[in-house]
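Observations on chain architecture
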There are 2 protein chains.
Amino acid sequence: MTTAIKVYNPFSLYEKALKTIEKSGIRPTKQRRILAKILFDKGNRHVSAEELFYDVKKEDRKISMATVYNTLKQFTTLGLIKEVVVDQNKSLYCTNNKSHYHLYIEDEGKIVDIPTKNVNLDIPSIPACLQLHNIDIIVRIRTLKDKN
Amino acid sequence: MTTAIKVYNPFSLYEKALKTIEKSGIRPTKQRRILAKILFDKGNRHVSAEELFYDVKKEDRKISMATVYNTLKQFTTLGLIKEVVVDQNKSLYCTNNKSHYHLYIEDEGKIVDIPTKNVNLDIPSIPACLQLHNIDIIVRIRTLKDKN
DNA sequence: TTACATGCAAAGCATTTGCAGATAA
DNA sequence: TTATCTGCAAATGCTTTGCATGTAA
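Criteria and cut-off values
- Residues numbered from 1 in each chain as written.
- Chains lettered and ligands numbered in written order.
- Predicted model: local features only at pLDDT ≥ 70, side-chain atom pairs only at ≥ 80, totals over all residues.
- Heavy atoms only, no water.
- Helix = DSSP H or I, 4+ residues; strand = E, 2+ residues; numbered from the N terminus.
- Buried < 20%, exposed > 50% of the residue type's maximum accessible area, 1.4 Å probe, protein only.
- Contact = heavy atoms within 4.5 Å.
- Areas by Shrake-Rupley, 256 points an atom, 1.4 Å probe, with all protein chains shown as cover.
- Salt bridge = Lys/Arg side-chain N within 4 Å of Asp/Glu carboxyl O.
- Phe/Tyr/Trp six-rings, centres within 6.5 Å; stacked < 30°, edge-to-face > 60°.
- Lys NZ or Arg CZ within 6 Å of the ring centre and 35° of its normal.
- Pairing = 2+ DSSP bridges.
- Axes fitted to C-alpha atoms, helices over the stretch in contact; angles between N-to-C directions.
- Parallel < 35°, antiparallel > 145°, perpendicular 65-115°, else oblique.
- Left-handed = near helix turned anticlockwise from the far one by under 90°.
- Near = heavy atom within 4 Å.
- Polar contact = N/O pair within 3.5 Å; in protein donor to acceptor, adjacent residues only side chain to side chain.
- Expected span 1.5 Å × (residues − 1).
- Arc of directions from axis to C-beta.
- Nonpolar A, V, L, I, M, F, W, Y, C, P; charged D, E, K, R; others polar.

Before going further, it helps to spend a moment on the overall build of chain A. Counting its secondary structure elements, chain A contains four helices and seven strands. Counting from the amino terminus, chain A carries its helices and strands in the arrangement α-α-β-α-α-β-β-β-β-β-β. Within chain A, the proportion of its 148 residues that are buried is 41%. Counting contacts in chain A only where the partners sit at least 6 residues apart, residues at least 24 apart contribute 45% of the total. Accessible area for chain A stands at about 9000 Å²; split by element, carbon and sulfur atoms hold 51% of it.

As structure tokens, this is what we get:
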């Protein structure tokens, strides 16, 4: 006999995120849990701070923009999400934890992932005093409507 | 017998840029000529709008920030330079007309070029309705001082 | 109990824009 | 002469911050 509805999955991305939050020392507050749930329970996403803000609203809850921004930054520092600066004044946050790069469709403001295995980067050797922080590959795409 | 000082080189990047400007229909105004000279006469550069603004000042001339920004945008549209969005609120403009990507040293706000031949991008096939606009690869590097 | 977090409104910052006066053709 | 350009100052848009209030442990 099994329960009809699974209400708790200790191995979900959401639960893993909560554990990371707890281990890191920052508090798993109500706001952080709500944001983590929205970010990680819906599969891979590429959200802006604004979208996330409205996702919270859709569930008849309210988290201030300041908190949304601060939390996104904290989650990025914890390695839970990845910030992708697609344009001046436009950052998207990505919940795909597998190594990958981004295909950015400018007209739609949307992003699609490119698995890392399709990219071969032969970077000039980096001096010992420097550390690799992050590699961003953004392939920008435009629909053909506008030929600028 | 040769002249001691070469005062005019019709094949310089600067002269080529002027021709592109003229052909495009926009006027080769004093400001645009000054900016083109600074951008293209000093070899490959990676400048911000602000640096360019101060470069003009150093020569005891004055071009308003608005014009610097507008001109950089026009030059980008003409393909004379390439805009690299290295961070939120930070664009650098690059005068290297050879195909290449960028190594970005965050702490110093500086950029180094990576020749394209060192990069092998196997991008998933792009639907016919889309056109490739631009590929940005930014390898972000930090000095070891700060281990965040 | 108290260190940490939230939310508001105000500030910050690079960039863009409106518009009156200036300038290239 | 006139369409285009410049420069100022104000506006913009995203993001960050200061600080009073709220809350998790």
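Pairs may arise between side chains of opposite charge once their charged atoms sit close together. Tallied over the entire structure, the rule returns six salt bridges over all chains. Between A:Arg45 and A:Asp55 there is a salt bridge; the shortest N-O distance is 2.9 Å. One end of the pair, A:Arg45, is in the loop between helix H2 (30-40) and strand S1 (46-47); the other, A:Asp55, is in helix H3 (residues 49-58), and 10 residues separate them in sequence. The exposure class of A:Asp55 is buried, given its relative accessible area of 6%. Ionic pairing is found between B:Asp41 and B:Lys37, a salt bridge with its closest N-O pair at 2.5 Å. Take B:Lys37: its relative accessible area is 39%, and that puts it in the partly exposed class. Each of A:Arg45, A:Asp55 and A:Lys58 takes part in salt bridges that share partners, so that together they form one network.

All names here are of chain A. Tallied over the entire structure, the rule returns two aromatic pairs over all chains. Residues Phe53 and Tyr54 carry aromatic rings whose centres are separated by 5.3 Å and whose planes lie at 85° to one another, so their mutual orientation is edge-to-face. According to the relative accessible area criterion, Tyr54 is partly exposed, its value standing at 40%. One Lys or Arg, Lys37, reaches over the ring of Tyr14 and ends 4.4 Å from the middle of that ring.

Bringing the sheet that holds S1(A) into the picture now. All names here are of chain A. Taken together, three strands build an open sheet; the order of strands is S1-S3-S2 and the sheet is antiparallel. Both outer strands of the open sheet, S1 and strand S2 (82-87), are each paired with one neighbouring strand and no more. Pairing geometry for S2 and strand S3 (residues 90-94), over five bridges, is antiparallel. Residue pairing for S3: Val84 is matched across the bridge by Leu92.

Let us look at the packing of helix H2 (residues 30-40) of chain B against helix H4 (residues 65-77) of chain B. Packed helices, taken two at a time, are described by the angle between their axes plus the distance between the axes. Residues and elements named next belong to chain B. Close contact between H2 and H4 brings their axes to 11 Å; oriented N to C, the two are set at 70°. Comparing their axes, H4 and H2 come out roughly perpendicular. In terms of crossing hand, the pair formed by H2 and H4 is right-handed. Contact residues: H2 offers Gln31, Arg32, Leu35, Ala36 and Leu39, while H4 offers Thr67, Val68, Thr71, Leu72, Gln74 and Phe75.

What follows covers the protein's contact with DNA strand D. Taken together, 19 residues sit near DNA strand D, with A:Tyr69, A:Lys73, A:Asn89, B:Thr29 and B:Gln31 positioned nearest. Atoms of DNA strand D within 4 Å of the protein: sugar and phosphate make up 80%, bases the balance. Between DNA strand D and the protein, one listed contact pairs a phosphate oxygen with a side-chain N or O atom of B:Arg32 at 3.0 Å. A distance of 3.4 Å separates a phosphate oxygen of DNA strand D from a polar side-chain atom of B:Gln88.

The next subject is helix H1 (residues 13-24) of chain A. All names here are of chain A. With 12 residues, H1 ought to run about 16 Å at 1.5 Å a step, and its terminal C-alpha atoms sit 16 Å apart, in line with that. Along H1, the positions that sit buried rather than exposed are Tyr14, Glu15, Ala17, Leu18 and Ile21. Buried residues of H1, viewed axially, fall in a sector of 160°; they line one side. Of the surrounding secondary structure, the elements contacted by the buried residues of H1 are H2 and helix H4 (65-77). Gly25, located one to two residues past H1, shows a positive phi value of around 100°.

What follows concerns the side chain of A:Thr71. Residue and element names in this part refer to chain A. Within the fold, Thr71 resides in helix H4. Note on Thr71: relative accessible area 4%, which makes it buried. Those residues within four positions of Thr71 in sequence are excluded, and the remaining contacts are Arg32 and Leu35.

Glancing now at the packing of H3(A) against H4(A). Residue and element names in this part refer to chain A. Running from N to C, H3 and H4 point in directions that differ by 120°, and their axes come no closer than 10 Å. Classified by the angle their axes make, H3 and H4 are oblique. Here H3 and H4 pass one another in a crossing that is right-handed. On H4, the residues that touch Ala49, Glu50, Leu52 and Phe53 of H3 are Met65, Val68, Tyr69 and Leu72. Each residue belonging to the contact of H3 with H4 can be placed in one class, and the counts come to seven nonpolar, no polar and one charged.

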